[in-house]
Amino acid sequence: MRRGLKYVPPALLLLALLELTVFVLVGRAVGFGAAVLLVFGASLLGLVLLRREGMRAWRGFRAAAQAGRPPGPEVTDGLVGLLGALLLAMPGLVSGVVGLLLLVPPLRRLAGGGVRRATERRVSSMVAGDLFGPRRVRVYRGAPQPAPEPSPAPAPQPVTDPGKAIEGEIVDR
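Computed from a predicted structure; not experimentally measured.

What counts as what
- Residues numbered from 1 in each chain as written.
- Predicted model: local features only at pLDDT ≥ 70, side-chain atom pairs only at ≥ 80, totals over all residues.
- Heavy atoms only, no water.
- Helix = DSSP H or I, 4+ residues; strand = E, 2+ residues; numbered from the N terminus.
- Buried < 20%, exposed > 50% of the residue type's maximum accessible area, 1.4 Å probe, protein only.
- Contact = heavy atoms within 4.5 Å.
- Core = buried A, V, L, I, M, F, W, Y, C linked by side-chain atoms within 4.5 Å.
- Expected span 1.5 Å × (residues − 1).
- Patch = residues over 30% accessible without salt bridge, like charges linked within 9 Å, V, L, I, M, F, W, Y side chains within 5 Å.
- Areas by Shrake-Rupley, 256 points an atom, 1.4 Å probe, with all protein chains shown as cover.
- Salt bridge = Lys/Arg side-chain N within 4 Å of Asp/Glu carboxyl O.

Q: I'm lost on the overall build of the protein in this one. Help?
A: Within the protein, the regular secondary structure consists of six helices and zero strands. Ordered by position from the N terminus, the helices and strands of the protein form the series α-α-α-α-α-α. The 173 residues of the protein split such that 21% are buried. The long-range share in the protein, meaning contacts at least 24 apart out of those at least 6 apart in sequence, stands at 56%.

This is the structure:
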């Protein structure tokens with residue numbers, strides 16, 4: 001986590017230069033006053049959406065908790081919505097466009113899936129299960145595959161009964 005922090009100051013500097021360049025280009029195209037109004041209007045819309053998205057995320061989290069469902073999908077959707085509204089509230093045209101894109105439902109679901117995968121990689125399987133519920137896996141029946149290398153102790157053969165569920169933990173390799 002810390003190794004990525006060294007890139008934050010240069011990234012912020014590049015973002016500021018990009019925002020300034022885009023503002024100047026838009027200002028030349030539509031006029032300085034219109035560009036300022038565009039940035040101001042986008043920031044105002046972002047502030048309004050920030051409150052709405054925050055309340056929506058909180059309601060979704062509470063509904064999932066009261067229903068006994070894992071709150072992970074509601075939390076990730078709320079985080080993506082809050083990030084979109086926050087980017088829209090920041091003064092700047094590039095951040096405003098990115099914020100608007102994060103509020104579009106298909107792109108929001110796509111970003112939420114990325115947040116979920118990143119979270120599942122960084123936390124234990126047990127915590128990921130508590131947040132997002134059991135993982136869905138696809139199991140194919142077929143001929144048993146030979147083991148890559150024999151283990152020193154013979155592993156117990158799994159018992160497969162089509163009527164009973166087998167509980168376990170998914171271990172990513």
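There's plenty left to go through after this.
Q: For this particular structure, what's the right way to read the nonpolar core?
A: A general tendency of soluble globular proteins is for nonpolar side chains to be buried together. Of all hydrophobic cores here, the largest spans five residues; its members are A42, L49, A85, L88 and L103. If you list the elements that add at least two residues to this core, you get helix 2 (32–67) and helix 3 (72–89). L49 has contacts with A85, L88 and L103, leaving out every residue within four places of it along the chain.

Q: What is the right way to look at helix 1 (residues 8–30) in this model?
A: Residues three or four positions apart in an α-helix share a direction because the helix packs 3.6 residues into each turn. Across its 23 residues, helix 1 extends 32 Å between first and last C-alpha, which sits within 8% of the 33 Å expected from 1.5 Å per residue. At the exit of helix 1 stands G31, carrying a positive phi of roughly 105 degrees.

Q: Whenever I open this one, a nonpolar patch on the surface confuses me. Can you help?
A: Where nonpolar side chains cluster on the molecular surface, the patch consists of L5, V8, L12, L15, L18 and M90 and spans about 490 Å² of accessible area. Mapped onto the secondary structure, M90 falls in the loop between helix 3 and helix 4 (93–103). Classification of M90 by relative accessible area gives partly exposed; the value is 31%.

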